[in-house]
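Spelled out from the first residue to the last, the chains are:
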Amino acid sequence: MNVIVRRVAEFLKRYPPFSFLSEEDLEQVASEVQVSYLAKDELLFRQGQPAEAHFFVLKEGSILLLEERGEKSEIKEVCDEGDVFGVLALLGERPYVLSARVEEESLVYCIPVHTFREILDRNGKVAMYFAAGFAAGQVVVRGSGTPTGKPRAMFRNESRDHSLLIFSDESQVNYSKEVLTCPGGWSIRLAAEQMSEKQVSSIVIVDGQNHPTGIVTDKDLRSKVLAKGLSSEEKIATIMSSPVLTRKPESDFSELYLTMIKNRLHHLILTEDGTPQSPVKGILSDHDVLLSMGNSPAVLIHGLMNTLDPEEMHVIRDRAEDMLRYYLENEVAMDFVASVMTEVNDVIIRQAVRKVKKDLSKDFPGFDQLKFCFLSLGSEGREEQLLRTDQDNAIVYQDVPEAQRAKAQEYFLKLGTAIVEVLLTCGFASCPGNIMASNPEWVQPLSQWKTYFSDWILTPTNKALTSASIFFDFRRIVGSAELEEQMSQHIHEEIQKKQVFLSFLAKNALMNPPPLGFLKGFMVEKSGEHKNQFDIKARAMMPLTDLARLLVLSHGVVGVNNTFKRFEKLAELEPKNASLYQEAGEAYEILMRMRALEGLRNKSSGRFIQPDSLGKLQRQVLKSTFSPISDLQELAEVRFQVDFLGR
């Protein structure tokens with residue numbers, strides 16, 4: 001294997017579905033990859049264009065996937081390093097459903113479809129991976145995975161905001177009652193003129209009784225007329241899609257939505273009795289579906305991806321909080337809730353990075369091409385930040401020649417500071433400890449981050465252990481995956497050199513006593529602003545996050561940051577303790593749910609809870625979450641021989 005092929009293979013194997021390939025198949029794919037350099041604003045492919053003989057993997061840079069609507073375009077996805085795109089059009093042998101525009105200079109790997117089809121035929125895991133993406137309507141394939149969890153009902157309150165339920169039959173269906181129609185004998189030109197005049201994206205072809213016989217969309221005009229040079233004087237019936245699927249206007253939202261998903265429809269015709277043999281009464285578009293879904297994740301993320309205005313992002317994030325309240329009160333599984341809120345927060349950060357890089361490009365030409373990572377730390381790094389609590393973040397960037405160091409530091413510090421400002425505008429509080437990307441201490445090249453990690457591990461002072469507990473939970477939001485991997489690998493290598501660090505980390509994790517006092521009462525604050533209140537973060541959640549981190553690191557596992565996933569991984573690695581780890585994960589779920597509801601009720605971080613405000617059953621459930629904490633602390637004390645370190 002030559003050097004170039006090896007480098008391509010090493011990059012691809014970090015990402016699914018290539019991570020599922022055998023060495024032989026991976027080498028075959030890598031040897032046939034074409035590397036394309038794309039300049040800013042260049043179009044890789046256009047919506048409606050016939051699919052190329054390749055699909056694409058983004059090696060470096062940023063590419064926007066856009067839906068074109070006349071002169072307007074909407075961002076549907078932002079491709080980041082390692083993302084696979086152009087697959088739906090290619091493997092489905094359909095024209096591209098979106099346009100791909102280069103946002104910043106990019107390197108793209110073009111992978112021949114004929115090679116990959118052969119692999120799909122013999123590799124069931126890869127085939128299933130793509131099939132799952134098709135079923136979900138994905139336009140970008142990226143690695144994902146969330147642990148399973150059981151929802152808890154103890155902290156439920158009633159809410160009637162059913163617009164938040166994607167498939168609620170109580171959702172109000174918004175559809176267009178005024179439908180543009182025409183007879184099949186009209187010319188394509190006349191129909192197109194009417195569509196333009198009425199500013200609609202479809203026209204329904206009807207017979208003399210106003211029964212639908214076909215439909216033509218603006219996509220049909222592009223792909224069937226313009227692309228093929230068809231005369232606009234031909235009859236509209238020659239290009240219509242027929243027969244048509246129809247439903248009743250009073251059908252349940254879930255039925256209408258699922259019909260559109262299953263049949264890949266952008267428009268669904270509604271008739272009097274739900275069949276094509278009755279008059280047209282309305283038309284439902286995918287845009288109408290989004291509006292009907294109210295504050296659903298799809299609507300909120302769609303809104304965020306199409307604005308760079310921090311004030312607008314703040315408004316959308318407020319709506320996400322309403323969605324969060326509904327999910328929590330209606331027992332939606334915690335892993336799903338956390339995933340949704342994480343994606344909302346991540347999109348805000350990605351949009352902030354887009355905005356700030358654009359703003360800085362004039363004063364720092366070329367610096368936007370340097371590799372960097374914006375890292376979330378703490379609860380957001382662990383994908384557990386449900387409420388807008390204080391932000392913890394940092395930036396790592398590639399090492400540059402000495403002549404560029406001062407300018408690079410200035411650029412990335414300004415980048416980080418401006419991103420932090422956007423997050424403040426969106427309602428995320430400033431970090432009391434100033435662990436943010438606006439602090440020059442936490443905006444550093446890779447070599448300096450490695451030095452930080454080495455120092456904390458080799459000299460585990462109290463301050464170093466506190467830093468490790470925060471920064472070891474880093475997660476890349478945007479930027480180079482390679483830098484993130486190098487940081488994770490460095491932590492692993494340094495811990496291997498000094499295993500005693502884990503004992504110090506264990507001692508630090510055991511600093512908090514069990515949450516119940518001698519008489520089985522809650523350990524409440526003795527003085528200060530929160531006197532007689534229970535600190536659910538410090539007394540219950542932090543011990544679980546600290547112990548989960550400690551235990552996965554002891555197994556040499558790095559890059560798994562989420563507390564649920566850590567306990568899930570531990571159950572897999574230690575079958576004899578699997579029930580304890582499962583119980584710990586479920587306890588953490590209850591604590592997250594309870595803290596979020598407390599915060600929403602009191603418009604606070606939810607950290608401090610008045611035990612007397614809880615019902616008897618709620619107090620019992622909360623106390624039940626403390627049992628695995630005590631058991632895990634005992635396990636850690638013995639396993640890491642904490643007593644030998646002294647108290």
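Summarised in this report is the structure supplied together with it. From a predicted model like this one, the values you see are computed outputs, not experimental measurements.

## Let's talk about the overall build of the protein chain
On a plain count of helices and strands, the protein chain comes out with 23 helices and 19 strands. Buried residues in the protein chain amount to 51% of all 647 residues. Once local pairs closer than 6 in sequence are excluded, the contacts in the protein chain between residues at least 24 apart make up 72%. Total accessible area on the protein chain is roughly 29300 Å²; 50% of this is exposed by carbon and sulfur atoms.

## Quick notes on the environment of Glu178
Inspection of the secondary structure assignment puts Glu178 in the loop between β7 (140-141) and β8 (181-183). C-alpha of Glu178 to C-alpha of Ile283: the two residues are 105 residues apart in sequence and 8.0 Å apart in space.

## Overview of the environment of Val621
Secondary-structure assignment places Val621 in helix α22 (residues 616-624). Residue classification places Val621 among the buried positions, given a relative accessible area of 12%. Val621 sits 30 residues away from Leu591 along the chain, and the two C-alpha atoms are 9.9 Å apart.

## Observations concerning the environment of Lys358
By secondary structure assignment, the location of Lys358 is in helix α12 (residues 334-360). Sequence spacing of Lys358 and Glu103 is 255 residues, and the spatial spacing of their C-alpha atoms is 9.8 Å.

## Some words on the packing of helix α10 (residues 297-305) against α12
The contact between α10 and α12 brings their axes to 9 Å, and the two run at 10°. In terms of orientation, α10 and α12 fall into the roughly parallel class. Note on element contacts: α12 touches α10 through Val340, Glu343, Val344, Val347, Ile348, Gln351 and Arg354, opposite Pro297, Ile301, Leu304 and Met305. By residue class, the composition of the contact of α10 with α12 is eight nonpolar, one polar and two charged.

## Focus: helix α18 (residues 500-509)
Burial in α18 covers these residues: Phe501, Leu502, Ser503, Leu505, Ala506 and Ala509. Those residues of α18 hidden inside the fold are in contact with α15 (446-458), α16 (462-471), α17 (481-497), α19 (536-554) and α23 (627-639).

## Some remarks on the pattern of salt bridges
Under the counting rule described, the total for this entry stands at 39 salt bridges. Across the pair Glu574 and Arg639 runs a salt bridge whose closest N-O atoms are separated by 2.8 Å. Of this pair, Glu574 sits in the loop between α20 (563-573) and α21 (578-602) while Arg639 sits in helix α23, and the two are 65 residues apart along the sequence. Here the residues in one salt-bridge network are Arg382, Glu384, Asp473, Asp546, Arg549 and Arg566, joined through shared partners.

## With respect to the packing of aromatic side chains
Counted under the stated rule, the structure contains 31 aromatic pairs. Centroid distance Phe11 to Tyr15: 5.2 Å. Interplanar angle 55°. Geometry classified as tilted. The class of Phe11 is buried, set by a relative accessible area of 3%. With 5.4 Å between their ring centres and 85° between their planes, Trp449 and Tyr452 make a pair best called edge-to-face. One end of the pair, Trp449, and the other, Tyr452, are both in helix α15, three residues apart, so they sit about a helical turn from each other.

## As for the sheet that holds strand β12 (residues 267-271)
The strand order across the open sheet built from three strands is β11-β12-β13, with neighbouring strands paired in mixed fashion. The sheet is open, and its two borders are formed by β11 (246-247) and β13 (280-285), each paired with just one other strand. As judged from the five bridges shared by β12 and β13, these two strands associate in the antiparallel manner. For Leu270, the partnering residue across the bridge sits in β13 and is Gly282.

## Regarding unusual backbone geometry
Omega for the bond connecting Pro16 with Pro17 falls within 30 degrees of zero, at 5°, which places this linkage in the cis form. Here Pro17 lies in the loop between α1 (3-12) and α2 (23-32). The linkage connecting Ser242 with the following residue, Pro243, adopts the cis geometry, with an omega of 0°. Assignment of secondary structure puts Pro243 in the loop between α7 (218-226) and β11. Positive phi is not limited to glycine here, since Gln199 has a value of about 55°. Mapping Gln199 onto the fold places it in the loop between α6 (188-198) and β9 (202-206). For Asn532, which is not a glycine, the phi torsion comes out positive at approximately 70°. Within the secondary structure, Asn532 sits in the loop between α18 and β18 (534-535).

## Section: the sheet that holds β9
Within the open sheet, the three strands sit side by side as β8-β9-β10. Their pairing is mixed. The open sheet has two free edges, formed respectively by β8 and β10 (212-217), since each of these has just one partner strand. Shown here is a sheet whose adjacent strand axes are inclined to one another by a mean of 30°, direction ignored. Alignment of β9 against β10, held across five bridges, turns out to be antiparallel.

## Some thoughts on the pairing of strand β4 (residues 72-79)
Bridge analysis of strand β3 (residues 54-69) against β4 gives seven bridges, and the strand direction is antiparallel. Bridge pairing in β4 places Glu68 opposite Ser73.

## Regarding α15
Spanning 13 residues, α15 covers 18 Å between terminal C-alpha atoms, matching the ideal 18 Å at 1.5 Å per step. For α15, every residue scored as buried is listed here: Leu446, Trp449, Tyr452, Phe453, Ser454, Trp456 and Ile457. Those residues of α15 that are buried lie in contact with β15 (393-397), β16 (443-445), α16, α17 and α18.

## Some remarks on the side chain of Ser376
Inspection of the secondary structure assignment puts Ser376 in strand β14 (residues 372-376). Not counting the four nearest positions on each side in its chain, Ser376 is found in contact with Ile349, Gly381, Asp392, Asn393, Asp473, Phe474, Arg475 and Ile477.

## Let's talk about the side chain of Gln391
Looking at the secondary structure, you find Gln391 in the loop between α13 (378-381) and β15. Only 2.9 Å separates the side chain of Gln391 from the side chain of Asn393, close enough to count as a polar contact. Not counting chain neighbours up to four residues away, the residues in contact with Gln391 comprise Val420, Leu423, Leu424, Phe428, Ala429, Cys431, Ile435 and Met436.

Calculation notes
Residues numbered from 1 in each chain as written. Predicted model: local features only at pLDDT ≥ 70, side-chain atom pairs only at ≥ 80, totals over all residues. Heavy atoms only, no water. Helix = DSSP H or I, 4+ residues; strand = E, 2+ residues; numbered from the N terminus. Buried < 20%, exposed > 50% of the residue type's maximum accessible area, 1.4 Å probe, protein only. Contact = heavy atoms within 4.5 Å. Areas by Shrake-Rupley, 256 points an atom, 1.4 Å probe, with all protein chains shown as cover. Axes fitted to C-alpha atoms, helices over the stretch in contact; angles between N-to-C directions. Parallel < 35°, antiparallel > 145°, perpendicular 65-115°, else oblique. Nonpolar A, V, L, I, M, F, W, Y, C, P; charged D, E, K, R; others polar. Salt bridge = Lys/Arg side-chain N within 4 Å of Asp/Glu carboxyl O. Phe/Tyr/Trp six-rings, centres within 6.5 Å; stacked < 30°, edge-to-face > 60°. Pairing = 2+ DSSP bridges. Expected span 1.5 Å × (residues − 1). Polar contact = N/O pair within 3.5 Å; in protein donor to acceptor, adjacent residues only side chain to side chain.

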